[in-house]
Amino acid sequence: MLGVAGMPSHMQPMTHFFDRDGRTLHFITARDTDLAAEIGASTKAHFCITGSDGGFYACMSGEIAPNDNREKLEELWSHAASMWFDGGMDDPQVLLLSLALDEAQVWTVDANALQFGMEMLRGTLGDKTPDVGDSGIVRLAA
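Notes on the structure in this doc start here.

Here is what the cut-offs are and how they apply
Residues numbered from 1 in each chain as written. Predicted model: local features only at pLDDT ≥ 70, side-chain atom pairs only at ≥ 80, totals over all residues. Heavy atoms only, no water. Pairing = 2+ DSSP bridges. Helix = DSSP H or I, 4+ residues; strand = E, 2+ residues; numbered from the N terminus. Phe/Tyr/Trp six-rings, centres within 6.5 Å; stacked < 30°, edge-to-face > 60°. Buried < 20%, exposed > 50% of the residue type's maximum accessible area, 1.4 Å probe, protein only.

Re the pairing of strand β5 (residues 56-66)
Item 1. As judged from the 7 bridges shared by strand β4 (residues 44-50) and β5, these two strands associate in the antiparallel manner. Along β5, the bridge assignment pairs I49 with A58.
Item 2. Between β4 and β5, which pair antiparallel one after the other, the connecting turn spans 5 residues, and G54 there sits at a positive phi close to 75°.
Item 3. Pairing analysis gives 11 bridges linking β5 to strand β6 (residues 94-109), with the strands arranged antiparallel. Bridging across to β6, Y57 finds its partner in W107.

Take a look at the structure:
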């Protein structure tokens with residue numbers, strides 16, 4: 001889920017492409033979206049992901065900006081991306097966005113469903129604070 005900080009629109013599902021060398025996430029969107037319009041007003045964005053097994057959650061943040069690097073767009077372009085644009089990669093609506101990551105908060109859930117339920121019940125009864133996993137902040141900026 002991608003959203004621009006301080007903007008009224010909700011976060012939205014977006015396919016991301018990770019560039020390890022640059023600690024950057026790339027997204028392909030259309031120029032006429034609310035997301036694209038909001039980037040002009042604020043450049044801080046958040047991208048949140050969840051592991052498929054429910055044991056991992058992360059919210060990453062950094063500066064987001066349009067990226068006119070044609071080589072990067074060609075590298076990331078796919079049949080799936082072309083389905084969103086009538087003119088393919090050369091459609092004037094195609095917009096490549098790049099999110100330069102500076103930090104992430106990560107949560108891990110160690111408990112299975114039964115353990116999670118028991119921890120929540122114990123917490124509700126005032127027995128203790130539920131212990132279902134760990135959390136930490138990771139600084140990503142170079």
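After that view, the rundown keeps rolling.
Some words on the packing of aromatic side chains
Item 1. By the definition in use, this model includes 2 aromatic pairs.
Item 2. With centroids separated by 5.1 Å and ring planes inclined at 65°, the aromatic side chains of F27 and F47 adopt a geometry described as edge-to-face. Of this pair, F27 sits in strand β3 (residues 24-30) while F47 sits in strand β4, placing them 20 residues apart in sequence. When sorted by exposure, F27 lands in the same class as F47, which is buried.
Item 3. Geometrically, the ring pair formed by W77 and F85 is tilted, given 5.9 Å between the ring centres and 40° between the ring planes.
Item 4. Judged by its relative accessible area of 8%, F85 is buried.

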